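Letter by letter, the chains look like this.
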4 protein chains.
Amino acid sequence: MSFQNPVFIPGPTNIPENLRKACDMPTIDHRSPLFGTILHPARDGVRKVLKSDKAEVFIFPSTGTGGWETAVTNCLSSGDKVLAARNGMFSHRWIDLCQRHGLDVEIVEASWGAGIPVDRYEEILTADTSHQIKAVLATHNETATGVKSDIAAVRKALDAAGHPALLFVDGVSSIGSMDFRFDEWAIDVAVTGSQKGFMLPPGLAIVGFSEKAMAATKTGTLPRTFFDVHDMAKGYANNAYPYTPAVGLLNGLTEACGMLMAEGLENVFARHTRIAEGVRAAVDAWGLELCAETPDVYSDTVSAIRTPEGFNATDIVTHAAETYGVAFGVGLGDVAGKVFRIGHLGSLTDVMTLSGLATAEMCMVDLGLDIKLGAGVAAAQEYYRAHTAFAQKAAA
Amino acid sequence: MSFQNPVFIPGPTNIPENLRKACDMPTIDHRSPLFGTILHPARDGVRKVLKSDKAEVFIFPSTGTGGWETAVTNCLSSGDKVLAARNGMFSHRWIDLCQRHGLDVEIVEASWGAGIPVDRYEEILTADTSHQIKAVLATHNETATGVKSDIAAVRKALDAAGHPALLFVDGVSSIGSMDFRFDEWAIDVAVTGSQKGFMLPPGLAIVGFSEKAMAATKTGTLPRTFFDVHDMAKGYANNAYPYTPAVGLLNGLTEACGMLMAEGLENVFARHTRIAEGVRAAVDAWGLELCAETPDVYSDTVSAIRTPEGFNATDIVTHAAETYGVAFGVGLGDVAGKVFRIGHLGSLTDVMTLSGLATAEMCMVDLGLDIKLGAGVAAAQEYYRAHTAFAQKAAA
Amino acid sequence: MSFQNPVFIPGPTNIPENLRKACDMPTIDHRSPLFGTILHPARDGVRKVLKSDKAEVFIFPSTGTGGWETAVTNCLSSGDKVLAARNGMFSHRWIDLCQRHGLDVEIVEASWGAGIPVDRYEEILTADTSHQIKAVLATHNETATGVKSDIAAVRKALDAAGHPALLFVDGVSSIGSMDFRFDEWAIDVAVTGSQKGFMLPPGLAIVGFSEKAMAATKTGTLPRTFFDVHDMAKGYANNAYPYTPAVGLLNGLTEACGMLMAEGLENVFARHTRIAEGVRAAVDAWGLELCAETPDVYSDTVSAIRTPEGFNATDIVTHAAETYGVAFGVGLGDVAGKVFRIGHLGSLTDVMTLSGLATAEMCMVDLGLDIKLGAGVAAAQEYYRAHTAFAQKAAA
Amino acid sequence: MSFQNPVFIPGPTNIPENLRKACDMPTIDHRSPLFGTILHPARDGVRKVLKSDKAEVFIFPSTGTGGWETAVTNCLSSGDKVLAARNGMFSHRWIDLCQRHGLDVEIVEASWGAGIPVDRYEEILTADTSHQIKAVLATHNETATGVKSDIAAVRKALDAAGHPALLFVDGVSSIGSMDFRFDEWAIDVAVTGSQKGFMLPPGLAIVGFSEKAMAATKTGTLPRTFFDVHDMAKGYANNAYPYTPAVGLLNGLTEACGMLMAEGLENVFARHTRIAEGVRAAVDAWGLELCAETPDVYSDTVSAIRTPEGFNATDIVTHAAETYGVAFGVGLGDVAGKVFRIGHLGSLTDVMTLSGLATAEMCMVDLGLDIKLGAGVAAAQEYYRAHTAFAQKAAA
């Protein structure tokens, strides 16, 4: 394992040096007051990144999937109806989780390349006058397709329908990288993990619960222990956990939130947009298309790139790994073989991104695609250099 | 946080240098073949530590509690009857988990200081001629009381009763430190975590499933997704996970198993016994008693030490942390305030242990207990020096 | 290599976690302004630790021996006369270095166990009316014998004699651990390394030059390049080095100085005294004697302990390493085989020290010395517990 | 300090993950046998990298400059005559060192862009019939100009002249990256550091001495202590050092040599050539010229690139650091402002190199040079992709 080149998978991200060091911690007593000095700043930091004043933040030694399960098992009961759109592999998996837990999922199918069909949500919610639907699921950023959905619009749909369902948002590949407003969008449960916008190793499910979601936990009867938020809350009140916490990752999480707040969330988002725009400029220069169908749904954390008919996009990923030691993401589910993905989230620079684009170009040429070497790189370079502080000062 | 002194909590343990380095790993693509070179050796290593030829090993980004939940939700259905003994905080918590998941737990109460009452198990199993009991739970080492139970005897009780119930064993604070025989004892599900005998940071639930347990998963109907072993097995077959694996910890796990096998499991167990004997010699020299009632149940990984009536044992733990920067374990549940615990598992030397004993002595004297400084240390020193290779050669 | 037990050698010390992380740094451009943000705080920090307002601090990728050579080659010329006392291996080596560089060393022989004979210094200096002596050498703390000398008194001797010789002080095993006053004692060159009071890995020679020493460099004609302070000063003025600096160690040095200043130098010194007193109480309880002949010369960073006639003290060191995995220091030069040394400097706690004392006891008993196990430990425990904040509050 | 982008300075290089971990080591007793298990493999490893069977390898806590001083002070005496060519900043500095140590240097001036004028060496050596010249200095790779010299030819010149002078070779930026044959070229002293081909942090001077050089140390009378090879050899014979060794770096050195030998020296050299060819293809595509005047002297570890008249090449370096967070090397001495340097040695991939080239392009365009974005990248991509195992298999 040489670890020389950056990775371009859509998470886990490249881990900044200071975060690796923060996570790599000798053992401390997690039942001592010392642990409280790690736990509470981590929770406070997450709350800020969620743009929330009052979300209850829970952090499990788990992953985003565990976060989904936390949302579902704490707030809902067997047979409850939930509304969900399926527009990619990750929204599909969350739906599957709901079904396995005995929920009745009303699935809105959408194109794998489109965002959540908010109009359909509104129609269904409006029609549900008896409020059978207990929760609405929304995947903010479909990591499989590089598609961003409009969570503010989902909230508006709920409000327009006057519907009291809970709003569960999967922000796994958006939180900490793209604008996310827990309070403003009146989200009830937000779910993410440590290994995306927080730039940490995997191993944490991070969830935020609204007051309304906390209330729902009192009626939800799905069995739960490991993911029980009441046990967790009770532990937190004593600077503790109901079991052994992942202390090093929590320490890293505090540091990660500090990095994000020091850079400024809006600057972090702008950086992700800038880097993504460069990638999109390259895709355009290559004459290829994104899986995301329209600019309004372009993701700033991952680009899924369609390759020509008859070409197996997965070959690019395999070839990049074997020949150049670079990791891209394969297509999943319906778009397997049709797209390859460039992750561009977390700790990344324009310069690192250019090396990923240069690699993708070499791979595509090696595999016979009609791509001009340097073309995508040049398009991205042009975008990046025009958006430096230097260029902007020069232009002023 | 100064991290200078060793910790003496019953897990997480002190982490060996090479394991910290193995865990502190840059990001790799967990969907690439490279990941398989980390995953499979980790699983193989665990299997060896379990002394099993054919256990299916599953590793979740979670903790031992998640391991309990894995056992229960994969093999059982709502309303199933299980048999369990309660002789400490951790057996209590597992029972609680079962109850929350809708199981009907037949609880055998036992003294907090005694092992599993195997005779009662046998009576109950023999009486259960209709085989309503689907699983028998056994906590191999009660971390709260420093009590070891006889799993071979539990197996014999099942066999004597001719009972087909599954045998679930919590080996969280025994596996990798005390003798554990998955195959010989015909265990069906064994549960542990990364932060005890494996000497790693917390963050992994590690479970072994027998063929019979795997068969039971086909009929178990408790809802599960995150802890579903079929999803996990399907992933493993493709060098992958159903979600993002904790790659660094898995890498550490391979290294940890390698360390244990290089030292030799029997040598590892003998080392734990030697260190524990020194601690027990010190306790005796102090004129104190263990929570564990009889020598046959003395744990080799943790000693819970009773303090005199009217003395709050927790004060020792608080004082050690505040005044000497040393972490011991508090008493939990029924023995809260009555015992303090010295963890002596994982990566520990005689020399490190002596510093813990010396600290405990200072604390007890500071807090007014009638202890002679150096007395316990001398007893342990005598034991340790008599059991070095040097002494044994000299004696020969 | 297991790295579990602390080391008790008189340097390099145990390295605190944060210093290891500060040193373990990716490559930066040492010719960029970024380097200046590491270099200058390191130099400023050292100046504070030296208790100097105006010393010129130079830091070489080298060791204390290189620091000696820096002092000599920059300020002196072939044939120059210097005055030096020989009372241990390290003062001997510095004398040897002078002789190899063609200096005429007037050697004052002293007992290996006594401090610098300041009266003899004064007599010689007073007699040297033509000021042939260009420099006076003084080893503040003889690491080989655990003997501290009185540098203030050496300064007084120079002043009483009205002698203009430069005062060179080897503070390798004192600076950062024992009181050291560059300005007040009017020291001209102070020499130390990274691996003692600064608690860092070896690899840096750290020297402070007075204004008078800087003036002497203009006349000193001994050949020098690597250790030339003018090249170094010229580099520093440009945020640079005359060659490639040890950037990570410099980064660690800044952090180390920050730790020392945060604890407070006087608190650091008091901690070293407390820990040393505990060791001395143990030595006394063992019925042994220090190499240091009188209490006024007892070192707070290392204790050289005499073993009985006919016993090879080095056997303790060998046995401790082989049997218990603990490192002590052997006797060197005239006291080889007659003493073993316990280093107690840098990052050390009372608790760690007790484990060293317990080990020494086991070794001595193993090797047939008439020592009572636990006796030294108890004496040290008594001292340490009587000097905690807790005890002092209780006593008040 | 963000450490995200690779560095492109001609040393210190990017440090591979495993080497950072090997260097970041807790303290061990450097006077114990354990130290021998680090020291000797490091020396053996270096010997192999030097392609020598019998060189005496000495490793000082120092830098390459200290290595130069080691060669000079151990083998020569004040007033001795040496022959040296000056064709760049580093050969200049070595000459300066000789002069400061009182040697009589016969300087052959050469163009900064040309190699050592071997013909002139031969003329001078042939003319020196009385063998006044005691040593011939040769800088194998001038880091300042990116110029490689022909050491085999220097050896031939000595042999042709039948001259017994010692051959001292500065291999600081060649050893471990470019072909270097200590035995075949009959080198007497080879000098390098840890931070170039060995890919380690700075802090070690690494030298190899031939038998003839060892013999010369018996007559060399220049004063020396820190750099004395006899003290060092005496220490090594006892698994020790004359002072405190840089244990972590030595441990890293063993690991580094292992990496180089595992890849295979010839493969390492071929990799450096391939990466360098890509850089040179980019330079050509930019319409710029190397400082190195002819292809036979092109360095495979660093390229110094001439910028157009009237343009300050240093601006590129400053701009790259400030705007893109990328480090290139500035021009030094006679070529300051006229060249900027791209270091491409040590741990580097084609992909990393492309990001450096992309950055250089953006900088040059930002600063007004007439460069086409992507042009140099494309030229390098073409070269790299044509030289992968994949392409070569496809072509076969």
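The residue numbering used here restarts from 1 in each chain and proceeds along that chain's sequence as written. A letter from A marks each chain and a number from 1 marks each ligand, given out in the order of writing. The predicted origin of the model limits local features to residues at a pLDDT of at least 70 and limits the giving and counting of side-chain atom pairs to 80 or more, whereas totals for whole chains, interfaces and linings rest on all residues.

- An unreviewed UniProt entry lists chain A under the name Serine-glyoxylate aminotransferase, with Yoonia sediminilitoris as the source organism.
- Its UniProt record, at the heading Sequence similarities (unreviewed entry), says of chain A: "Belongs to the class-V pyridoxal-phosphate-dependent aminotransferase family."
- In its Cofactor (unreviewed entry) section, the UniProt entry covering chain A states "pyridoxal 5'-phosphate". UniProt positions are given in the numbering used here, feature names are shortened, and annotations may be inferred rather than shown by experiment.

**Digging into the environment of D:Phe311**
Residues and elements named next belong to chain D.
Then comes step 1: Note on conventions: DSSP H or I runs of at least 4 residues are helices, E runs of at least 2 residues are strands, and numbering of each starts at the N terminus. Along the polypeptide, Phe-311 turns up in the loop between β11 (302–306) and α11 (314–324).
Then comes step 2: What makes Phe-311 partly exposed here is the crowd of 16 C-beta atoms within 10 Å.
Then comes step 3: In the structure, Phe-311 is positioned 51 residues away from Leu-260 in sequence and 39 Å away in space, judged by C-alpha atoms. Partly exposed residues are those whose C-beta has more than 12 but fewer than 20 other C-beta atoms within 10 Å; 20 or more makes a residue buried and 12 or fewer makes it exposed, with C-beta atoms placed from the backbone.

**Let's talk about the relation of the copies chain C and chain B**
Then comes step 1: Least-squares superposition aligns the copies on the C-alpha atoms of those residues with pLDDT at or above 70 in both. Overlaying chain C with chain B gives an RMSD of 0.0 Å, the required rotation being 180° about an axis along which the chain moves by 0.0 Å. Both copies of the chain, as the preceding transformation shows, are related through a two-fold rotation axis.
Then comes step 2: Whether two residues are in contact depends on their C-beta atoms, placed from the backbone: they are in contact if these lie within 7 Å. When you check the interface residues of chain C against chain B, 97% turn up at the interface there too, and the contact is symmetric in its surfaces.

**Looking at the environment of B:Val335**
Residue and element names in this part refer to chain B.
Then comes step 1: Within the secondary structure, Val-335 is located in the loop between β12 (329–330) and β13 (339–343).
Then comes step 2: In this structure, the C-alpha to C-alpha distance between Val-335 and Ala-114, residues 221 residues apart in sequence, is 13 Å.
Then comes step 3: Non-local contacts of Val-335, meaning those with residues more than four positions away in its chain, are made with Trp-112, Ala-144, Thr-145, Cys-291 and Ala-304.

**As for the UniProt feature "domain: Aminotransferase class V" (unreviewed entry) in chain A**
Then comes step 1: The feature "domain: Aminotransferase class V" (unreviewed entry), as annotated in UniProt, sits at residues 30–329 of chain A in this numbering.
Then comes step 2: As a span, residues 30–329 of chain A carries 42% helix and 18% strand, and end to end its C-alpha atoms are 37 Å apart.

**A few points about the interface of chain C and chain B**
Then comes step 1: Contacts between the two partners involve 34 residues from chain C and, on the opposite side, 34 residues from chain B.
Then comes step 2: Contributing elements (two or more residues each) for the side of chain C that touches chain B: α11 (314–324), α12 (350–366), α13 (375–386) and α14 (389–395) of chain C.
Then comes step 3: With 11 residues, the top contributor of residues to the side of chain C that touches chain B is α12(C).
Then comes step 4: Of the residues in the side of chain C that touches chain B, the class split is 16 nonpolar, 12 polar and six charged. Any residue that is not Ala, Val, Leu, Ile, Met, Phe, Trp, Tyr, Cys, Pro, Asp, Glu, Lys or Arg is counted as polar, Gly included; the first ten are nonpolar and the last four charged.

**Things to note about the interface of chain B and chain A**
Then comes step 1: On the side of chain A, 47 residues touch chain B, which itself brings 46 residues to the contact.
Then comes step 2: Grouping the amino acids of the side of chain B that touches chain A by side-chain chemistry returns 23 nonpolar, 17 polar and six charged.

**Section: α11(C)**
Then comes step 1: Of the residues making up α11(C), those classed as buried are C:Ile316, C:Val317, C:His319, C:Ala320 and C:Tyr324.
Then comes step 2: Tucked into the core, α11(C) has its buried residues touching α12 (350–366) of chain B together with β12 (329–330), β13 (339–343) and α12 of chain C.
Then comes step 3: Positive backbone phi, approximately 65°, marks C:Gly325, located one or two places after α11(C).

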